[in-house]
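Working through the structure, step by step
Chain by chain, the residues run as shown.
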Amino acid sequence: MTGDQTKAIHSGEHPDPATGASAPNIVMSTTFVAGPEATFSVEGLDDDTGWFYTRWGNPTIHQLEEKLAALEEAGAAVAFASGMGAISALLLHLLRAGDHAVISDVAYAALSEMTNEMIPGLNIGITKVNASDVEAVKAALRPNTALVYIETPCNPLLRLTDIASVAEAAHSVGAKLAVDSTFATPVATRPLLLGADFVIHSLTKYASGHGDALGGVVLGNKADLAGLRKKTAIRLGGVISPFNAWLIMRGLATLPIRMRVHEDNALKVAAYLERHPKVKRVIYPGLPSHPQYELARRQMKNFSGMIAFQVEDGKEAARRLAGRLQIIHYAVSLGHHRSLIFYLDSAELLSTSFRFSTPEQLASWNVYAGEGIFRLSVGLEDAEDLIADLERALG
Ligand SMILES: *Cc1c(COP(=O)(O)O)cnc(C)c1O
């Protein structure tokens, strides 16, 4: 199997040996009949341990993990109940008291908030940097830096990070690089092939693709992931339900096809917004006007479906859009077949989720977001209908 679409359909799956069923079964059992030689502690867990207890591993969850590892070209994957479940597991797995981590200053809000207070409370030093500036990342590294954590494209600004350059910098001090690749998906970018040590996805977004299942995953090499499974999945316990694993596996089967349509629609909608007289600025990695268009072309095989844009008086425009849109849902989340839009007010975000420590960080935010931005997740509807819906609402 070499093609992405073939892997998306067949990896991790096989006809059921007992019934010949072509589609995967859902194994909901939490426990499995074991032999008398089975050990009770997870310390006894190794490659030969059969199915034992679903928090340790489960046939349906395993199928999802195999499919994700194939698509990301990773040695192994561990699935979690949500993207934040995956992120918190990875941070608690890698960081010890006395360690230091460099974290992108603009990233998923809950990760940002977690690293503002909770992680420093464990006596782990955190430095937030604009990770699109490789020199800023290098300047933040210390001898005890254990982790560099980035998101590309980042939520919600769609600013990019050069993964290969940051990986080289992180490794120069012995730090690991983790990349939240939720916006890119493995269809666009394979961070592990560019030097990253770990990749994270919120499976709730493009992977599931239909807005009906929460999930998350950490991918990396086999040895790292075996340790992560023992310490965090099994002991912290935030594992995914087999039913959600099955739904997400079904979503993944069409991921490459869907990403083509997301990109195609987003290119059309971004071009429309860029021509709109009330729109001040459009940020989309597939537009030549994106400040990092060159990097986007080098690092993304697909520009994905996420667009950010600014208008005059965003708060008033948000009220108009929430009331007038007929197709696009005014709602958070992203990557669904349905288009979603949400307004993010800068003053609010900068007082809650994001903490900047330098004038350069604030200046970069202002260049991208101004007083606030709309985050538009372009879905799989007909582009003409989405444009007509925006036209009706923007006026
Ligand atoms: C949604 C999201 C998360 C968190 O995922 P959940 O499944 O909601 O916990 C993390 N990172 C990014 C980039 C996201 O968009």
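For the structure itself, consult the block above.
Description of the structure in this document. What you see is a predicted model; the values in this text were computed from it and never measured.

Calculation rules
- Residues numbered from 1 in each chain as written.
- Predicted model: local features only at pLDDT ≥ 70, side-chain atom pairs only at ≥ 80, totals over all residues.
- Heavy atoms only, no water.
- Salt bridge = Lys/Arg side-chain N within 4 Å of Asp/Glu carboxyl O.
- Helix = DSSP H or I, 4+ residues; strand = E, 2+ residues; numbered from the N terminus.
- Buried < 20%, exposed > 50% of the residue type's maximum accessible area, 1.4 Å probe, protein only.
- Contact = heavy atoms within 4.5 Å.
- Phe/Tyr/Trp six-rings, centres within 6.5 Å; stacked < 30°, edge-to-face > 60°.
- Lys NZ or Arg CZ within 6 Å of the ring centre and 35° of its normal.

A word on the pattern of salt bridges. Two side chains bearing opposite charge may form a pair once their charged atoms approach each other closely. Scanning the model with the defined rule gives 13 salt bridges in all. Across the salt bridge formed by Glu 117 and Arg 355, the nearest N and O atoms sit 3.1 Å from each other. Separated by 238 residues along the polypeptide, Glu 117 in helix α4 (residues 109–118) and Arg 355 in the loop between α13 (346–352) and α14 (359–369) bring together distant segments of the chain. Here Glu 117 falls in the exposed class, since its relative accessible area comes to 53%.

We now examine the side chain of His 276. Take His 276: it is sitting in the loop between α10 (255–275) and β8 (279–283). On the basis of relative accessibility, which here comes to 5%, the residue His 276 falls in the buried class. With near-sequence residues (within four places) excluded, His 276 lies in contact with Glu 391, Leu 394 and Gly 395.

Here we come to the packing of aromatic side chains. Counting across every chain of the model gives 10 aromatic pairs. Taken together, a centroid distance of 6.1 Å and an interplanar angle of 50° make the contact between Phe 356 and Trp 365 tilted. Judged by relative accessible area, which is 21%, Phe 356 ranks as partly exposed. These aromatic residues form a ring-pair network of at least three members: Tyr 284, Tyr 293 and Phe 303. The aromatic ring of Tyr 368 is capped on one face by Arg 159, whose charged end is 6.0 Å from the ring centroid. When the ring centre of Tyr 368 is taken as origin, the NZ or CZ atom of Arg 281, which lies over that ring, is 5.6 Å away.

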